[in-house]
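# Reading the structure
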Amino acid sequence: MSDAQPWPRLEAAARAALSNAYVPYSRFSVGAAALTSDGRIVSGCNIENAAYGVTLCAECSMVGELFATGGGTLSHFLCFGRLENDTEQLITPCGRCRQLLYEHRGQNLQIKTANGIVGIETLLPDAFGPHNLSL
């Protein structure tokens, strides 16, 4: 299913997810949302942990929802961040999450950033992926 203008729907979903973030340590909430290749919207928020290394980024919980609701690939993505009671701002995924998006991208994944809409290849050039593994 194609959605010519998914951005307002994705922004609403990411902001809703952001409001559910668990961030007692950094106080930096993140909400992510994506449109799937079959037209579903999946979202996620960051979930911190006292053992910082096991904290889940919003994109991680979003990909969990992707698979919990039937799988597929991502066609459009964005995320918002907010420090304490500040205003939400469009943010760009961290390196780990760029890799996660790359792995679950559909053809021509579009990512909305503060600097415009870009493809995953712009955010993660020369990405490592399944094509690099020979089993």
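Residues numbered from 1 in each chain as written. Predicted model: local features only at pLDDT ≥ 70, side-chain atom pairs only at ≥ 80, totals over all residues. Heavy atoms only, no water.

Most of strand β3 (residues 74-83) sits inside the fold, with 9 of its 10 residues counted as buried. When strand β1 (residues 28-36) meets β3, the two strands line up antiparallel, connected through 9 bridges. In the sheet register, Ala33 faces β3, and the bridge partner there is Leu78. Sheet analysis places β3 next to strand β5 (residues 105-113), joined by 3 bridges and oriented parallel. Counted as the bridge partner of Leu74 is Arg105 from β5. (Buried < 20%, exposed > 50% of the residue type's maximum accessible area, 1.4 Å probe, protein only. Helix = DSSP H or I, 4+ residues; strand = E, 2+ residues; numbered from the N terminus. Pairing = 2+ DSSP bridges.)

All right, on to the nonpolar core then. One finds Met62, Leu74, Phe77, Leu101, Leu109 and Ile111 to be the most contacted residues of the largest nonpolar core, which totals 20 residues. For this core, the elements supplying multiple residues, two or more each, are β1, α2 (58-68), β3, α3 (95-103), β5 and α4 (120-123). Looking at which element gives the most residues to this core, the answer is α2, with 4 residues. Setting aside residues no more than four positions away along its own chain, Leu101 makes contact with Met62, Leu74, Phe77, Pro93, Leu109, Ile111 and Ile120. Counting residues in hydrophobic clusters, the runner-up holds 9 residues, among them Trp7, Leu10, Ala33 and Phe80. (Core = buried A, V, L, I, M, F, W, Y, C linked by side-chain atoms within 4.5 Å. Contact = heavy atoms within 4.5 Å.)

Here Thr55 shows up in the loop between β2 (41-45) and α2. The exposure class assigned to Thr55 is buried, which follows from its relative accessible area of 19%. Here the side chain of Thr55 touches Asn49 through a polar contact of 3.1 Å, landing on its backbone nitrogen. The contacts of Thr55, once residues within four sequence positions are left out, are Ile47, Glu48, Asn49 and Arg96. (Polar contact = N/O pair within 3.5 Å; in protein donor to acceptor, adjacent residues only side chain to side chain.)

Moving on, we get to helix α1 (residues 7-18). With 12 residues, α1 extends 16 Å between its outermost C-alpha atoms, agreeing within 8% with the 16 Å of an ideal straight helix rising 1.5 Å per residue. What α1 keeps buried is the set Trp7, Leu10, Ala13, Ala14, Ala17 and Leu18. Projected down its long axis, α1 shows its buried positions confined to an angular sector of 140 degrees, all on one face. Looking at the buried residues of α1, the elements they touch are β1, β2, β3, β5 and β6 (116-119). (Expected span 1.5 Å × (residues − 1). Arc of directions from axis to C-beta.)

With that settled, the discussion passes to a nonpolar patch on the surface. On the surface, Tyr22, Tyr25, Ile47, Tyr52 and Leu56 cluster together into a nonpolar patch covering about 510 Å² of accessible area. Secondary-structure assignment places Leu56 in the loop between β2 and α2. The exposure class assigned to Leu56 is partly exposed, which follows from its relative accessible area of 35%. (Patch = residues over 30% accessible without salt bridge, like charges linked within 9 Å, V, L, I, M, F, W, Y side chains within 5 Å. Areas by Shrake-Rupley, 256 points an atom, 1.4 Å probe, with all protein chains shown as cover. Salt bridge = Lys/Arg side-chain N within 4 Å of Asp/Glu carboxyl O.)

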